2 protein chains.
Amino acid sequence: MMYSLEAGGKRLRPILVLSAAEAVERAENARKIAMPVACAVEMIHTYSLIHDDLPAMDDDDFRRGKPTNHKVFGEAMAILAGDGLLTHAFYSVTRSAALGAPPEVALAIVSDLARLAGVPGMVGGQVADIHGVQGVTSLEELEYIHLRKTSDLLVFSVLAGARIGGATQPQLEALQRFARKLGLAFQIQDDILDLVGDEAKLGKPVQSDVEERKVTYPFLIGMEESEALVVRLTQEAKQALDEANLAQPDTLRAIADYLMSRDH
Amino acid sequence: MMYSLEAGGKRLRPILVLSAAEAVERAENARKIAMPVACAVEMIHTYSLIHDDLPAMDDDDFRRGKPTNHKVFGEAMAILAGDGLLTHAFYSVTRSAALGAPPEVALAIVSDLARLAGVPGMVGGQVADIHGVQGVTSLEELEYIHLRKTSDLLVFSVLAGARIGGATQPQLEALQRFARKLGLAFQIQDDILDLVGDEAKLGKPVQSDVEERKVTYPFLIGMEESEALVVRLTQEAKQALDEANLAQPDTLRAIADYLMSRDH
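Here we summarise the structure given alongside this text. Because the structure is predicted, anything quoted here is derived from the model rather than measured.

**A few points about the overall build of chain A**
Secondary structure summary: chain A contains 14 helices and two strands in total. For chain A, whose C-alpha radius of gyration is 18 Å, the value lies close to the compact-globule estimate of 18 Å for 264 residues. Dimensions of chain A, computed from the C-alpha atoms along their principal axes, are close to 50 × 40 × 30 Å. Counting over 264 residues, chain A shows a buried share of 56%. In chain A, of all internal contacts separated by at least 6 residues, the share reaching a separation of at least 24 is 74%. Here chain A has roughly 10,700 Å² of accessible surface; of this, 50% comes from carbon and sulfur atoms. Seen as two clouds, the 26 positive and the 38 negative side-chain charges of chain A have centres 5 Å apart.

**Concerning the relation of the copies chain B and chain A**
Overlay of chain B on chain A (RMSD 0.0 Å): rotation 180 degrees, translation along the axis 0.0 Å. Look at the turn and shift together and you get a two-fold axis relating the two.

**Some remarks on the interface of chain B and chain A**
One frequently used descriptor of interface size is the decrease in accessible area upon assembly of the parts. Contact with chain B, which involves 36 residues of that partner, is made by 36 residues of chain A. Looking at the side of chain B facing chain A, the largest losses of area belong to L80(B), T87(B) and L107(B), adding up to 20% of the total buried there. For the pair chain B and chain A, the interface holds zero salt bridges. Scanning the region where chain B abuts chain A turns up two residue pairs in polar contact (both at pLDDT 80 or more). Counting residues per element, the ones that place at least two in the side of chain B that touches chain A are helix 3 (30-52), helix 5 (75-98), helix 6 (103-116) and helix 7 (122-131) of chain B.

**Notes on helix 5 (residues 75-98) of chain A**
What sets the pattern is the α-helix's 3.6 residues per turn: residues three or four places apart point alike. Residue and element names in this part refer to chain A. With 24 residues, helix 5 extends 35 Å from end C-alpha to end C-alpha; this agrees with the ideal 34 Å at 1.5 Å per step. With 18 of 24 residues buried, helix 5 is to be regarded as a mostly interior element. G100 lies just past helix 5 and shows a positive phi near 125 degrees.

**What about the packing of helix 3 (residues 30-52) of chain A against helix 8 (residues 139-165) of chain A?**
All names here are of chain A. Two numbers describe how helix 3 lies on helix 8: the axes approach to 9 Å, and their chain directions differ by 165 degrees. Between helix 3 and helix 8, the crossing angle belongs to the class labelled roughly antiparallel. The crossing of helix 3 and helix 8 is right-handed. Contacts between helix 3 and helix 8 involve A30, I33, A34, V37, V41, I44, H45 and D52 on the former and, on the latter, K149, L153, F156, S157, A160, I164 and G165.

**Focus on the pattern of salt bridges**
All chains considered together, the criterion is met by 32 salt bridges over all chains. Across the pair K149(A) and D129(A) runs a salt bridge whose closest N-O atoms are separated by 2.7 Å. Of the two residues, K149(A) sits in helix 8 while D129(A) sits in helix 7 (residues 122-131), which places them 20 residues apart along the sequence. For K149(A), a relative accessible area of 24% translates into the label partly exposed. Residues K238(B) and D257(B) are paired through a salt bridge, measuring 2.6 Å at the closest nitrogen-oxygen approach. With K238(B) in helix 13 (residues 223-243) and D257(B) in helix 14 (residues 250-261), this pair connects stretches of sequence that are 19 residues apart. Salt bridges here are not isolated pairs; linked through shared partners, they connect D52(A), D58(A), D129(A), K149(A) and K214(A).

**Thoughts on unusual backbone geometry**
All names here are of chain A. Notably, D59 is not glycine yet its phi reads approximately 55 degrees, a positive angle. Mapped onto the elements of the fold, D59 is located in the loop between helix 3 and strand 1 (62-63). Backbone geometry at R64 places phi at a positive 55 degrees, although glycine is not the residue there. As for its placement among the helices and strands, R64 is situated in the loop between strand 1 and strand 2 (66-67).

**Comments concerning helix 3 of chain B**
For helix 3 of chain B, which comprises 23 residues, the first-to-last C-alpha distance of 33 Å matches the rise-based estimate of 33 Å (1.5 Å per residue) to within 8%. Burial analysis of helix 3 of chain B places 19 of its 23 residues in the buried class, which makes it a mostly covered element.

**Quick notes on the nonpolar core**
Among the nonpolar cores identified, the biggest contains 142 residues, and F178(A) and F178(B) are the most heavily contacted of them. Each residue touching F178(A), except ones within four places of it in the same chain, is listed here: V158(A), A237(A), A240(A), L241(A), L252(A) and A256(A).

**Regarding the packing of aromatic side chains**
Summed over all chains, the structure comprises three aromatic pairs over all chains. Seen in terms of ring centroids, Y3(A) and F73(A) are 5.4 Å apart; in terms of plane orientation they differ by 75 degrees. Their pairing is edge-to-face. In this pair, Y3(A) is assigned in helix 1 (residues 2-5) and F73(A) in helix 4 (residues 69-73), connecting sequence segments 70 residues apart. Relative accessible area serves as the criterion here: at 45%, F73(A) is assigned to the partly exposed category. With centroids separated by 4.0 Å and ring planes inclined at 5 degrees, the aromatic side chains of F90(A) and F90(B) adopt a geometry described as stacked. Here the residue F90(A) occupies a position in helix 5, and F90(B) occupies one in helix 5, the pair thus bridging two chains. Note that R148(B) overlies the ring of Y144(B), its terminal NZ or CZ placed 3.8 Å from the centroid.

**Here we look at the packing of helix 5 of chain A against helix 7 of chain B**
It is at 10 Å that the axes of helix 5 of chain A and helix 7 of chain B come closest, and there the two elements cross at 170 degrees. Classed by the angle they form, the pair helix 5 of chain A and helix 7 of chain B counts as roughly antiparallel. Residues A76(A), M77(A), L80(A), D83(A) and G84(A) of helix 5 of chain A pack against V123(B), Q126(B), V127(B), I130(B) and H131(B) of helix 7 of chain B.

**Quick word on the environment of E236(A)**
Residue and element names in this part refer to chain A. Note on placement: E236 falls in helix 13 (residues 223-243). When its relative accessible area of 28% is taken as the criterion, E236 is described as partly exposed. For E236 and F178, which are 58 residues apart along the polypeptide, the C-alpha to C-alpha distance reads 7.6 Å.

**Some details on a nonpolar patch on the surface**
Residue and element names in this part refer to chain A. There is a patch of nonpolar side chains on the surface, built from L139, F219 and L220 and spanning about 240 Å² of accessible area. Examined against the element boundaries, L139 turns out to sit in helix 8. According to the relative accessible area criterion, L139 is partly exposed, its value standing at 40%.

Reading guide: rules and limits
Residues numbered from 1 in each chain as written. Chains lettered and ligands numbered in written order. Predicted model: local features only at pLDDT ≥ 70, side-chain atom pairs only at ≥ 80, totals over all residues. Heavy atoms only, no water. Helix = DSSP H or I, 4+ residues; strand = E, 2+ residues; numbered from the N terminus. Rg over C-alpha atoms; globule rule 2.2 N^0.38 Å. Buried < 20%, exposed > 50% of the residue type's maximum accessible area, 1.4 Å probe, protein only. Contact = heavy atoms within 4.5 Å. Areas by Shrake-Rupley, 256 points an atom, 1.4 Å probe, with all protein chains shown as cover. Lys, Arg positive; Asp, Glu negative; His and termini not counted. Charge placed at Lys NZ, Arg CZ, Asp CG, Glu CD. Least-squares fit on C-alpha atoms with pLDDT ≥ 70 in both. Buried area = accessible area lost by both parts, 1.4 Å probe. Salt bridge = Lys/Arg side-chain N within 4 Å of Asp/Glu carboxyl O. Polar contact = N/O pair within 3.5 Å; in protein donor to acceptor, adjacent residues only side chain to side chain. Expected span 1.5 Å × (residues − 1). Axes fitted to C-alpha atoms, helices over the stretch in contact; angles between N-to-C directions. Parallel < 35°, antiparallel > 145°, perpendicular 65-115°, else oblique. Left-handed = near helix turned anticlockwise from the far one by under 90°. Core = buried A, V, L, I, M, F, W, Y, C linked by side-chain atoms within 4.5 Å. Phe/Tyr/Trp six-rings, centres within 6.5 Å; stacked < 30°, edge-to-face > 60°. Lys NZ or Arg CZ within 6 Å of the ring centre and 35° of its normal. Patch = residues over 30% accessible without salt bridge, like charges linked within 9 Å, V, L, I, M, F, W, Y side chains within 5 Å.

Here's what the structure looks like:
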């Protein structure tokens, strides 16, 4: 568990939790209370990478510049490390209540996490991704996969932080639109980087999607249109962010701009 | 997910949740409120069976009289079915709040489940079980494995039901002792049945522990002493049950007696 947690990565999801908590600025100690939830979402993300990399799934040997978990510890321990991280994430969410989150807020976060990381969300996206094959999957189906596999955990991160920050219902709804668009843009950028990125910066081999016959945005609509779509979705995300009327939207806005221009 | 959930089994864990909720008899609608938690613990149990049966783990072909999940749907889908059930279990626990459980009770149940099904509990027991080998593992280590791999989820079931039923702290502590003893007796009986049970009744091949070189109680202390230990642990469990001073302890007591004499 620690090997994969400490392998690094952008820590995008925990940063979104903390940034959303600070952006709302209505509840006290929001950043401190949000910390165990930020850790929880990184545990969920890390478990999903460990299981996705297994031989029975994507069969990847490298992740974040290091050998994948099962390459080091074997398949049985990799499966159990994933199960352990997934389960412990929910424990971590309950710790936010011990730090001062109202129990009904902590419980809403548990419910969001179970839904958005589960079968209606991330797990369902991974199932569809495994079934998705080049030449068969449509653009509509690919959007379904990306929204579940990537956007849903970003939506969770922003909603959880905002809940702890004391967001109103209209703010939560606008932030959900923000994170959905952001996640879609993020995943299309991932598709692009898998084709033209720098292996050293990415920490994994490029063109793996082509090798694994994964269906991607560049495969379906071409590189130029994929890049234009990332720009457009990022603009739409920032528009939704404006509609959330946050006290401090600057960090979330900067994250959206950074993701659009990242090279890893 | 449904294939494995509907494969049957004794439903011992959900029955313990409902029976514990009814045994305390302090909160209203306890049985109805406990139902989503009863479902949750069966989802957790079922996910653990699906993952344990995988080729990288115990590599079992039959479970509850049917081909194991990965034999029917392949390894990738079996891993994801397990991940989906594990995640959805936490969603199901949050539903108890929608039915009337106070949010702090539902949150305590989430915390218990994450701990007792996680690395300090069931997942940790499975890790130790995989490392345990005949001739190397001590009786002390075997007790550690059984307490985590089996007792902890029974402890969760009884505690969760009792929490919903409105149990006091001393009642929760006595019930925890009850379920630990009961779980240990249950697992030793499982070890015995793997050696001398009826394949048709068990729904899986006997002597699999011998084949897989699993360390068991009969292997370490012999059949006769194992059987005596099941009787003694069951008596100690019922003594703890008496100390809980429940309004209606009869069903829990009958479950303890049934488990001791079961043949599958």
